[in-house]
Amino acid sequence: MDHKIYDVTIIGGGPIGLFTAFYSGMRKLKTKVLESSGQLGGKITMFYPEKTLRDIGGIRKITGGDLVKELIRQAETFSPTILFHQHVSGLQRRPDGIFMLSTENGGLHLTKTVILTVGAGIFKPIKLDIPGAERYESGNLHYAVDDLNRFRNKRVLISGGGNAAVDWANELAEIAESITIVHRREAFSGHESDVSEMVKNARLYTPYCISALHGTGNRIERVAVKQVGTGEEIWLEADEVVVNHGIQGDYGGILNWGLKMKDERIEVNGAMETNIPGIFAAGDAAIYPHKLKLIAGGFAEGPVALNSAVRYMCPDAEPMAMYSTHHEDFVDENGREKEPQAR
Ligand SMILES: Cc1cc2nc3c(=O)[nH]c(=O)nc-3n(C[C@H](O)[C@H](O)[C@H](O)COP(=O)(O)OP(=O)(O)OC[C@H]3O[C@@H](n4cnc5c(N)ncnc54)[C@H](O)[C@@H]3O)c2cc1C
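Bear in mind that the values here come from a model prediction, so they are computed numbers and not experimental data. (Residues numbered from 1 in each chain as written. Predicted model: local features only at pLDDT ≥ 70, side-chain atom pairs only at ≥ 80, totals over all residues. Heavy atoms only, no water.)

1. Brief notes about the overall build of the protein chain
Okay, so step 1: The helix and strand tally for the protein chain stands at 6 helices and 22 strands.
Okay, so step 2: In terms of overall dimensions, the protein chain has C-alpha extents of about 70 × 45 × 40 Å along its principal axes.
Okay, so step 3: Here the protein chain, with 343 residues, has 49% of them falling under the buried criterion.
Okay, so step 4: Pairs at least 24 residues apart make up 57% of the contacts formed inside the protein chain by residues separated by at least 6 positions.
Okay, so step 5: For the protein chain, the exposed area adds up to about 17000 Å²; of that, 50% sits on carbon and sulfur atoms. (Helix = DSSP H or I, 4+ residues; strand = E, 2+ residues; numbered from the N terminus. Buried < 20%, exposed > 50% of the residue type's maximum accessible area, 1.4 Å probe, protein only. Contact = heavy atoms within 4.5 Å. Areas by Shrake-Rupley, 256 points an atom, 1.4 Å probe, with all protein chains shown as cover.)

2. Observations concerning the pairing of strand S17 (residues 240–243)
Okay, so step 1: Judged by which residues are buried, S17 turns out to be covered on both faces: Glu240 and Val242 on one side and Val241 and Val243 on the other are all buried.
Okay, so step 2: Where strand S10 (residues 141–142) lies against S17, 2 bridges are found, and the strand directions are parallel. By the bridge assignment, histidine 142 is partnered in S17 with valine 242.
Okay, so step 3: In this structure, strand S11 (residues 155–159) lies alongside S17, joined through 4 bridges in parallel fashion. Residue isoleucine 158 lies in a different strand from S17, and its bridge partner there is valine 242. (Pairing = 2+ DSSP bridges.)

3. Re the sheet that holds strand S14 (residues 208–216)
Okay, so step 1: A sheet is described by the order of its strands in space; here 3 strands give the open sequence S14-S15-S16, paired in antiparallel fashion. Edge positions in the open sheet fall to S14 and strand S16 (233–237), since each of these has one partner strand only. Between one strand and the next, the sheet's axes are offset by a mean angle of 25 degrees, whatever the strand orientation.
Okay, so step 2: The pairing of strand S15 (residues 219–227) with S16 spans 5 bridges and is antiparallel. Across the sheet, the residue bridging to valine 223 is leucine 236, located in S16. (Axes fitted to C-alpha atoms, helices over the stretch in contact; angles between N-to-C directions.)

4. What about the UniProt feature "binding site: FAD" (unreviewed entry) in the protein chain?
Okay, so step 1: UniProt records the feature "binding site: FAD" (unreviewed entry) for Glu35, Lys43, Tyr48, Val88, Phe123, Asp284 and Thr325 in the present numbering. The named residues occupy 291 residues along the chain; their greatest pairwise C-alpha distance, 37.0 Å, places them well apart from one another.
Okay, so step 2: Mapped onto the elements of the fold, glutamate 35 is located in the loop between strand S2 (31–34) and helix H2 (42–47).
Okay, so step 3: Setting aside residues up to four positions removed in sequence, glutamate 35 forms contacts with Gly12, Gly13, Gly14, Leu40, Leu83, Phe84, His85 and Gln86. (UniProt positions renumbered as here; feature names shortened; annotations may be inferred.)

5. What to know about helix H3 (residues 64–75)
Okay, so step 1: Relative to the 16 Å expected for 12 residues at 1.5 Å per residue, H3 spans 16 Å between its end C-alpha atoms, a close match to the ideal helical length.
Okay, so step 2: All buried positions along H3 are accounted for by Gly64, Leu67, Val68, Leu71 and Ala75. What you see down the axis of H3 is that its buried residues fit within an arc of 100 degrees, all on one side. Exposed and oriented more than 90 degrees from the buried face of H3 are Lys69 and Arg73.
Okay, so step 3: Taken together, the buried residues of H3 touch helix H1 (15–26), H2, strand S3 (52–53), strand S4 (62–63) and helix H6 (295–313). (Expected span 1.5 Å × (residues − 1). Arc of directions from axis to C-beta.)

6. Some words on the UniProt feature "domain: FAD/NAD(P)-binding" (unreviewed entry) in the protein chain
Okay, so step 1: Under the UniProt annotation, "domain: FAD/NAD(P)-binding" (unreviewed entry) lies at residues 6–295.
Okay, so step 2: Spanning residues 6–295, this segment combines 18% helix with 33% strand, and its end C-alpha atoms are found 26 Å apart.

7. Brief notes about the sheet that holds S10
Okay, so step 1: Ordered in space as S10-S17-S11-S12-S13, the 5 strands form an open sheet in which the pairing is parallel. Looking at which strands have only one partner, the edges of the open sheet turn out to be S10 and strand S13 (203–205).
Okay, so step 2: Taken together, the 3 bridges between strand S12 (residues 178–182) and S13 define a ladder with parallel strand orientation. The residue bridging threonine 180 from the neighbouring strand is arginine 203, located in S13.
Okay, so step 3: Each of S11 and S12 is contacted by helix H4 (residues 163–173), which is oriented at about 170 degrees to S11, the strand it contacts most.

8. Here's the deal with the site of the ligand
Okay, so step 1: Within the structure, the ligand sits among 27 residues, and Glu35, Lys43, Tyr48, Asp284 and Ile295 are positioned closest to it.
Okay, so step 2: Between an oxygen atom of the ligand and a side-chain N or O atom of tyrosine 48, the distance comes to 2.5 Å.
Okay, so step 3: A distance of 2.9 Å is found between an oxygen atom of the ligand and a side-chain nitrogen or oxygen belonging to aspartate 284.
Okay, so step 4: Protein contact buries 87% of the 1000 Å² of open area that the ligand shows by itself.
Okay, so step 5: Those elements giving two or more residues to the shell around the ligand turn out to be H1, H2 and strand S9 (122–125).
Okay, so step 6: Classifying every residue of the shell around the ligand gives 13 nonpolar, 10 polar and 4 charged. (Near = heavy atom within 4 Å. Polar contact = N/O pair within 3.5 Å; in protein donor to acceptor, adjacent residues only side chain to side chain. Nonpolar A, V, L, I, M, F, W, Y, C, P; charged D, E, K, R; others polar.)

This is the structure we're talking about:
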């Protein structure tokens with residue numbers, strides 16, 4: 001158990017948790033980040049490290065992996081405590097108001113305030129509902145694309161019809177020998193221009209779904225697809241199989257804290273305050289009117305939540321940190337650059 005009491009504990013080390021940790025340093029808070037997995041970057045690291053983001057302000061394009069690297073470097077500016085494999089589930093409050101956060105592996109963390117940047121919770125890809133499919137996961141069955149080279153000159157079969165499936169079909173079309181899409185509906189839910197691009201590049205089976213896998217060892221060799229409605233089944237050969245059936249999040253024990261929820265997210269007001277004083281939320285986890293579900297939106301919500309946490313601890317505090325251009329941790333009184341110190 002870590003007996004130190006932190007000013008703020010950020011639960012979730014995704015992009016918004018990381019930027020919030022940096023901003024927390026700008027506000028001179030003793031900061032801890034608790035991440036349930038063994039890596040930082042949240043959904044970006046898990047689902048699209050090699051994809052290109054184009055809607056981060058001021059950055060024309062950047063891969064997910066590079067954005068996460070920059071976010072980590074920035075988050076480390078004030079040396080917050082970052083702990084991995086901390087799946088937070090329990091919450092209790094001491095009589096002096098300190099929160100006691102407990103983790104699934106028996107850890108206990110003490111903090112004056114909490115910022116929830118947990119996204120949709122512990123997220124997992126929705127897996128193929130076919131008996132024995134898991135044995136191919138160490139071979140050529142993928143729920144995320146983490147190494148493009150693996151698909152070079154291969155016959156790739158993609159199952160799914162959402163944004164992720166459409167994006168991967170287009171991205172992999174440039175290097176793969178062929179792309180086959182299997183989707184249980186006629187219509188795709190990706191952006192119109194992306195879908196048109198995909199239709200040019202891929203062989204489509206709609207409305208079809210995967211009904212069986214045949215392979216040797218941990219490698220699939222053939223995939224049976226069944227037509228929805230008629231039940232007609234055909235076998236397709238594939239070297240690599242990518243399944244994009246969406247992701248499922250689970251807030252686990254956090255749902256028992258008494259937080260007000262809306263549309264399966266944590267309801268906050270414009271100050272990112274939840275209904276529990278001292279607990280704030282930002283990023284994909286938070287919902288409020290006119291929510292902008294983009295990383296760029298979360299980059300504003302994190303600092304708003306943090307400033308609210310400061311005001312919760314100290315009602316007379318300044319409403320926000322100094323601008324970084326003038327911030328006393330970055331520039332001395334003569335305007336010269338200096339190294340920020342750990343909190
Ligand atoms: C395929 C795909 C493409 C996308 N493309 C774009 C894009 O181009 N531009 C854009 O702006 N957005 C894009 N997004 C959305 C973007 O990734 C999310 O908005 C962003 O990741 C939200 O960040 P977050 O930090 O709020 O949550 P997440 O990234 O979900 O991170 C949450 C973190 O919290 C951790 N966590 C959860 N529960 C607990 C717990 N109980 N205890 C401890 N840790 C916990 C998780 O392990 C995770 O690391 C895309 C999403 C997907 C899936």
